[in-house]
Amino acid sequence: MIRFEETFMNFLLHHQERHNRTYHFLILMDALISAAKHIQHYYLTGALKGNLGLAGDVNVQGEDVMRMDQIAQEITIHYLKASGRVIHAISEESEEIISINPDGRYFVYFDPLDGSSNIPHGLPVGFLFGIAKRNLEGPEDGHLRGGRDYIAAGMFVIPTGTFTLGLKDAGTWRFHIDETMTFVRPTRMVLPEETKTWELSFNASNRRTYAERVQEWIAKNESKYAFRYLGALAGDFHRILSNGGMFMYPAIVNHPNPKKNRPEGKLRLMYEAAVVAFMCREAGGAAVNEAGIPILEIQPQKHHQRTALYVGSTKLVEDIAKILRE
Ligand code: AFP
């Protein structure tokens, strides 16, 4: 006997009544889910079809573009256009703001395939997105919204079939894909208080390049927690949300080759850091930058702005934030 479970769309319908969300939001979410499923299909068949290699271009960040980055970008733009609900999008794969529909009511900030070093291996990557609402009443108020103004943010971990969504003032929820390719079984994610399962996640090969105070914090705390690192933010943050602990991508300030320093951090504010910070807040956690400032309070100055990131259980994030603020 097949057991049918509560679907994502049913869950949203139920929630929208309680949180004053409109059908426009549902239609946008439907578009993002369709895009994610389509990307997942290409990813799963990518090794056979020759789609897991380089595309031959360099993106706005100066990085080699993978074929899958291009495919994921095209698919996402297609569905955002079809939804009719988006005025502008900002994507890691496009230097310019992408104009979609002048009558659209949402801004969407996304990275359609984050974690490129995993692509050639077919290992987990992320499709991350944040959504903000356009000011429909007053004058146009620009696209550069800080995380505090997002109404939702989420991530698909591709190809694992998991989808996690943070809804403003309504929690962070995880869904799993079923046999019919439907996301089902909403589970509310709350970061565990109990430290037994907590993990630390950072690129250990960079540790000597971090600021001294960050290196000292790591030396003092690392033996208390398990260490895990996948190299794709969505996958690493997925674990932190379930197990607790902290993911960090600190500023690189002590690289032996000073040209390789990244004092502003590596991750992108609008479609990486603010997305996970938003989900983390809704799950009871916190996130700060290298100055100990809450990620959600940072007002972006440019679309592809970078930031350092410390995100996870409030106790750990606050502990390191105190040191970062000194
Ligand atoms: P790429 O998509 O450019 O590989 O970057 C992935 C990412 O932005 C994020 O998903 C990871 O957490 C982080 O960078 C990994 O960076 P390192 O390879 O330097 O550890």
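Look up: the structure comes first, before these words.
These lines cover the structure that appears in this document, whether it is placed above or below. (Residues numbered from 1 in each chain as written. Predicted model: local features only at pLDDT ≥ 70, side-chain atom pairs only at ≥ 80, totals over all residues. Heavy atoms only, no water.)

Some points on the pattern of salt bridges
Alright, step 1. This structure, assessed with the given rule, holds eight salt bridges.
Alright, step 2. One salt bridge connects R185 with E5, and the closest N-O pair in it is separated by 2.9 Å. With R185 in strand β10 (residues 183-189) and E5 in the segment before α1 (8-19), this pair connects stretches of sequence that are 180 residues apart.
Alright, step 3. Residue classification places R185 among the partly exposed positions, given a relative accessible area of 44%.
Alright, step 4. Look at E5 and you get partly exposed, because its relative accessible area is 24%. (Salt bridge = Lys/Arg side-chain N within 4 Å of Asp/Glu carboxyl O. Helix = DSSP H or I, 4+ residues; strand = E, 2+ residues; numbered from the N terminus. Buried < 20%, exposed > 50% of the residue type's maximum accessible area, 1.4 Å probe, protein only.)

Re the site of the ligand
Alright, step 1. Neighbouring residues of the ligand: 16 residues in total, closest D114, N203, Y229, L233 and Y249.
Alright, step 2. Backbone polar atom of G115 to an oxygen atom of the ligand: 2.9 Å apart, as the coordinates give it.
Alright, step 3. N203 has a polar side-chain atom sitting 2.7 Å from an oxygen atom of the ligand.
Alright, step 4. Coverage of the ligand by the protein amounts to 87% of the 470 Å² it exposes when considered alone.
Alright, step 5. Those elements giving two or more residues to the shell around the ligand turn out to be β13 (245-249) and β14 (267-268).
Alright, step 6. Partitioned by chemical class, the residues of the shell around the ligand number six nonpolar, five polar and five charged. (Near = heavy atom within 4 Å. Polar contact = N/O pair within 3.5 Å; in protein donor to acceptor, adjacent residues only side chain to side chain. Areas by Shrake-Rupley, 256 points an atom, 1.4 Å probe, with all protein chains shown as cover. Nonpolar A, V, L, I, M, F, W, Y, C, P; charged D, E, K, R; others polar.)

Comments concerning the sheet that holds strand β12 (residues 226-227)
Alright, step 1. In spatial order, the strands read β12-β11-β13-β17-β15; together these five strands make up an open sheet with mixed pairing. The open sheet is flanked by β12 and β15 (286-288), the only strands paired with a single partner.
Alright, step 2. In this sheet, strand β17 (residues 309-312) lies alongside β15 in antiparallel orientation, the contact comprising three bridges. Within the sheet, the bridge partner assigned to A287 lies in β17 and is V311.
Alright, step 3. Strands β11 (199-201), β13 and β17 of the sheet are contacted by helix α6 (residues 233-243), whose axis makes an angle of about 155° with β13. (Pairing = 2+ DSSP bridges. Contact = heavy atoms within 4.5 Å. Axes fitted to C-alpha atoms, helices over the stretch in contact; angles between N-to-C directions.)

Thoughts on the side chain of Q215
Alright, step 1. Inspection of the secondary structure puts Q215 in helix α5 (residues 212-221).
Alright, step 2. Residue Q215 is classed as buried on the basis of its relative accessible area, which comes to 19%.
Alright, step 3. Contacts of Q215, omitting those with residues within four sequence positions, involve R207, R208, T209, Y210 and N254.

Section: unusual backbone geometry
Alright, step 1. Note that the residue after I158, namely P159, is joined by a cis bond; omega there is 5°.
Alright, step 2. Positive phi values are uncommon outside glycine, yet R185 reaches one of about 55°.

Considerations on the pairing of strand β7 (residues 150-158)
Side-chain positions along a regular strand alternate between the two faces of the sheet.
Alright, step 1. Counting buried positions over the nine residues of β7 gives nine, a clear majority of the element.
Alright, step 2. As judged from the eight bridges shared by strand β6 (residues 125-133) and β7, these two strands associate in the antiparallel manner. Following the sheet pairing, L128 is matched in β7 by M155.
Alright, step 3. With six bridges joining them, β7 and strand β8 (residues 162-167) adopt antiparallel strand pairing. In the sheet register, M155 faces β8, and the bridge partner there is T164.
Alright, step 4. Hairpin connection from β7 to β8: three residues lie between these consecutive antiparallel strands, with G161 at a positive phi of about 75°.

Concerning the packing of aromatic side chains
Alright, step 1. The tally for this structure, following the rule as stated, stands at 20 aromatic pairs.
Alright, step 2. Ring geometry for F8 against F163: centres 5.2 Å apart, planes inclined by 65°, an arrangement best described as edge-to-face. One end of the pair, F8, is in helix α1; the other, F163, is in strand β8, with 155 residues separating them in the sequence.
Alright, step 3. Measuring from centroid to centroid gives 6.3 Å for F202 and Y210, while their planes differ by 65°, and the two rings are edge-to-face. Summarising the burial analysis for this pair, F202 and Y210 share the class buried.
Alright, step 4. Chaining the aromatic ring pairs together yields one cluster made of F8, F11, F110, F127, F129, F156, F163, W173, F175 and F183.
Alright, step 5. The ring of F278 carries R281 above its face, with NZ or CZ at 4.9 Å from the centroid. (Phe/Tyr/Trp six-rings, centres within 6.5 Å; stacked < 30°, edge-to-face > 60°. Lys NZ or Arg CZ within 6 Å of the ring centre and 35° of its normal.)

Geometric descriptors of this kind do not, in isolation, establish any biological role.
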